[in-house]
Structures are given as structure tokens and as C-alpha cells.
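Analysis of the macromolecular model
These are the residues of each chain, in order.
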Amino acid sequence: MTSPLKVPVNEPVLTKEAKQYVAEAMESGWISSAGKYIEQFEAEFAAFLGVKHAVTTTSGTTAIHLALATLNIGPGDEVIVPDFTMMGSILPVLYCGATPIFVDAKPETFNIDPSLIEKKITKKTKAIMPVHLYGQSADMDPILAIAKKHNLYVVEDAAEAHGATYKGCLCGSMGDIGCFSFYANKIITTGEGGMLVTNDDQLVARARTLKDLAHSPQKRFWHEEMGFNYRMTNLQAAVGLGQLKHIDEFIKHKQWMADRYREGLKGIKGLRLPAVKKDSLNVYWMYGVLVEESFPMAKDELRAALREKGVDTRDFFYSSASQPLFKDLPSAKESFPVSKMLSERGFYLPSGLALTEEQVDYVCSALREIASI
Ligand SMILES: *Cc1c(COP(=O)(O)O)cnc(C)c1O
């Protein structure tokens with residue numbers, strides 16, 4: 001390998017429809033949050049997920065904040081969240097003045113461990129937020145059962161899991177509210193953007209009011225409570241609709257990528273590949289691997305060696321409880337051994353939708369060379 005290929009960790013694929021619709025939106029003059037693409041994107045996204053309602057927002061983070069605000073979660077309330085996740089899942093709990101209660105992960109799926117949830121429930125608990133990390137569904141049956149037993153809401157953070165399924169159900173459609181992100185590296189993108197989905201007519205009405213400054217439904221410019229401006233623009237929705245037309249292909253590409261990595265990386269001692277679960281469809285937002293003790297070098301060295309060969313990678317998230325932001329939070333004082341292990345050992349390989357066969361094969365042979373097998 002004399003001239004290394006450059007393999008970026010992610011590159012978005014912008015479809016011709018996205019470009020065409022955005023040009024049409026520009027032509028039409030409807031560039032703010034009124035315009036046909038908003039409605040179409042919401043309707044088609046709801047249809048894709050098989051839910052009644054979808055509401056566009058400005059990001060995944062604001063979709064989650066809007067979800068919690070819609071459920072009246074506020075000061076004094078507790079929300080059960082995975083310790084191992086991206087901060088976009090947790091910050092909205094703080095925006096509401098509520099308290100995140102961290103729960104450790106399962107080592108195979110990286111997702112919240114349902115067997116650890118019940119002992120964290122108190123009188124203050126209002127909701128559980130499973131996050132479907134890296135495209136793999138959380139174990140929803142026990143989570144939904146615990147929520148039902150204790151009368152708690154379930155808000156799914158499906159920001160990394162468009163099209164992923166659990167026992168035939170689409171991620172984001174199983175809880176009271178599901179939230180998605182359309183950041184540039186997500187499975188479909190609007191540049192920046194998000195979506196809140198629900199089957200509940202009352203919740204959707206409240207979410208629509210809150211996202212648009214909470215004008216009184218009877219009287220515009222009259223405000224009985226605090227709202228937000230979380231309105232997506234028609235231009236972003238045009239991009240989203242154009243992307244959504246190709247989501248099935250995108251998901252197939254992700255699965256092709258995972259199959260090829262699995263084949264190409266087979267048998268490398270100490271490199272743990274993502275578990276394949278029979279009951280769920282992983283959409284491999286990112287192809288995450290763990291560097292175990294038996295690997296010839298530590299994760300940072302491996303990542304540096306890959307970088308030298310032109311292969312860009314990213315570290316896993318940190319344990320939330322280890323973040324300086326939470327140094328005074330009682331629930332962050334506990335230990336989260338699995339989450340800690342994941343952040344120490346995990347990183348992800350190039351996983352973008354633009355990946356070619358040549359690039360995946362190059363990454364695999366670079367890794368094999370480094371592991372010298
Ligand atoms: C991307 C992401 C978010 C936040 O989405 P933004 O659109 O970047 O605000 C939230 N949760 C998870 C798990 C994410 O991956």
C-alpha cells in the first residue's frame with residue numbers, strides 16, 4: 001500500500017431530489033417555516049415510520065427538548081437516561097430544569113441496560129429515555145413494561161436509528177414520543193434539523209404550539225406559557241424530503257457496509273465487532289468496534305496507525321457521569337463500569353453513505369496490517 005487512500009469517517013450523500021426541491025423552494029420564495037415542503041416532509045416521514053404525526057424541529061436536541069416540554073417535565077422531575085450516550089440526549093433534561101438519572105449500558109449493544117432501570121425509579125421519575133445508539137435498537141420490551149408498571153412516559157432518542165427496528169417495530173415509534181436528528185452525518189440529513197413523532201393527537205397539538213412560541217390557540221400574540229422557536233425552514237424540509245426518497249437505499253448501503261466490514265475484519269484477535277441481534281435490524285449509523293486487551297496495541301495507538309494510513313476514525317462518547325458538567329450531580333457519583341469500558345475501548349470506523357467497496361476493503365486491510373495478521 002504505497003499511496004494510501006483517504007477514507008473520511010463520514011460524507012453525506014445529497015440526492016438529486018434534495019437539490020431540485022431546494023431550488024424549487026428558493027424559486028417559490030417560501031424560505032421560512034411556511035411552505036409545502038414542511039408539510040410534505042412531515043407527512044412522508046410519519047408514513048415512513050407508520051406513526052400518526054411528525055413535527056419538524058431545528059435539531060435532534062430541540063426535538064428532545066420539545067418532547068420533554070410537551071410531557072410537562074420540569075423542575076423536581078427525574079428522567080432516566082443512559083449514561084453512555086451523546087450529550088444531545090441529556091442536555092434537554094437540564095433545559096427543563098429536571099434531573100437526569102444515569103443507567104449503565106449493556107456491553108453487547110452499548111444501549112441502556114433494562115435490568116438496572118427499576119432500582120433507579122423514585123416518586124420523582126417521570127420518563128425513561130432509551131437511546132438507540134449507532135443504529136442498534138435498545139431492548140424495548142422490558143423498558144416499555146417497566147414504564148407501564150410505574151406509569152412513566154417513554155421518549156425514544158432515535159437520532160441515530162432512522163429505519164432501525166426492534167421485533168418488527170420501527171425505532172422512534174414505540175414510545176409516547178420519538179425524536180430524530182437530521183444533522184449532516186445522520187442517516188438522512190437536512191443540514192441541521194430534527195423531528196418529533198407521536199401517535200397521540202393531544203401531544204402533537206401541544207408540541208406544535210410549544211415549538212412555535214406558544215401563541216394562545218385562541219389569540220395570536222397572546223401567551224399563557226413559555227414556548228420556543230424550534231421551526232424548521234422550508235429549505236431544510238426540501239432537503240429532507242429529497243433525502244427521504246432514498247432512505248431505503250441508504251439503509252441498504254449501511255447494511256452492505258456492515259456485512260463487508262464483518263467479512264473483512266473477521267478473525268482479528270482482540271477486535272470486537274458489533275453484535276448481530278436476530279430480533280432487530282441495525283442500520284449501522286456508525287460501525288463501532290471495541291479494542292480488547294488481547295489486541296496488540298491500545299485504542300489510541302490503533303487509531304493513530306489508521307490515521308497514518310489515511311483512515312479517519314472517531315472515538316466513542318464519554319460516560320455522561322464523568323463529564324465535568326455533572327460533577328455536582330448525585331446520580332453521577334455512582335459507577336458505570338460498562339459505559340466507562342465502552343468509552344475507553346470503543347471507536348468507529350468510516351461509516352458514511354458515500355463509502356465505496358474500495359474504501360471499505362482498504363480500511364479492512366489497513367487494520368489487518370496494523371494487527372499484523
Ligand atoms: C445527533 C444526536 C443527537 C442530537 O441531534 P442534533 O441534531 O445534533 O441536535 C441526540 N442524540 C443522539 C443519540 C445523537 O446521535
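Note that the coordinates shown come from a computational prediction; the quantities given were computed from them, not determined experimentally. (Residues numbered from 1 in each chain as written. Predicted model: local features only at pLDDT ≥ 70, side-chain atom pairs only at ≥ 80, totals over all residues. Heavy atoms only, no water.)

Scanning the entire structure with this criterion turns up 23 salt bridges. Measuring nitrogen to oxygen at the nearest pair gives 2.8 Å for the salt bridge that ties Lys-120 to Glu-334. Of this pair, Lys-120 sits in the loop between strand 3 (99-103) and strand 4 (125-128) while Glu-334 sits in the loop between strand 13 (314-315) and helix 10 (337-345); the two residues are 214 residues apart in sequence, bridging distant segments of the chain. Among the residues examined, Lys-120 registers a relative accessible area of 15% and is labelled buried. The shortest N-O distance in the salt bridge between Glu-357 and Arg-260 comes to 3.7 Å. One end of the pair, Glu-357, is in helix 11 (residues 357-370); the other, Arg-260, is in helix 8 (residues 247-264), with 97 residues separating them in the sequence. Given a relative accessible area of 27%, Arg-260 falls into the partly exposed group. (Salt bridge = Lys/Arg side-chain N within 4 Å of Asp/Glu carboxyl O. Helix = DSSP H or I, 4+ residues; strand = E, 2+ residues; numbered from the N terminus. Buried < 20%, exposed > 50% of the residue type's maximum accessible area, 1.4 Å probe, protein only.)

As a structural note, the neighbourhood of the ligand is formed by 13 residues, with Thr-61, Asp-157, Glu-160, Ser-181 and Lys-186 the closest of them. A distance of 3.5 Å is found between an oxygen atom of the ligand and a side-chain nitrogen or oxygen belonging to Ser-59. Contacts to the ligand include Ser-181, whose side-chain N or O atom sits 2.7 Å from an oxygen atom. Contact with the protein chains removes 94% of the 370 Å² of surface that the ligand exposes when unbound. When contributions to the shell around the ligand are tallied by element, the ones reaching two or more residues are helix 3 (60-70) and helix 4 (87-95). Among the residues making up the shell around the ligand, the classes are represented as three nonpolar, seven polar and three charged. (Near = heavy atom within 4 Å. Polar contact = N/O pair within 3.5 Å; in protein donor to acceptor, adjacent residues only side chain to side chain. Areas by Shrake-Rupley, 256 points an atom, 1.4 Å probe, with all protein chains shown as cover. Nonpolar A, V, L, I, M, F, W, Y, C, P; charged D, E, K, R; others polar.)

Spatial ordering of the open sheet is given by 1-9-8-5-4-2-3, a layout of seven strands whose pairing is mixed. Two strands close off the open sheet at either side, each with one partner strand: strand 1 (53-57) and strand 3. The sheet shows a mean angle of 25 degrees between the axes of neighbouring strands, direction not considered. Both strand 5 (residues 153-157) and strand 8 (residues 177-181) contribute to a ladder of three bridges, which runs parallel. The partner of Val-155 across the bridge, within strand 8, is Ile-177. Strands in contact with helix 2 (residues 36-49) are strand 1, strand 8 and strand 9 (194-198); relative to strand 1, the strand with the most contacts, it is inclined by about 130 degrees. Packing against the sheet, helix 6 (residues 201-211) makes contact with strand 1, strand 8 and strand 9, and its axis sits at approximately 15 degrees to strand 1. (Pairing = 2+ DSSP bridges. Axes fitted to C-alpha atoms, helices over the stretch in contact; angles between N-to-C directions. Contact = heavy atoms within 4.5 Å.)

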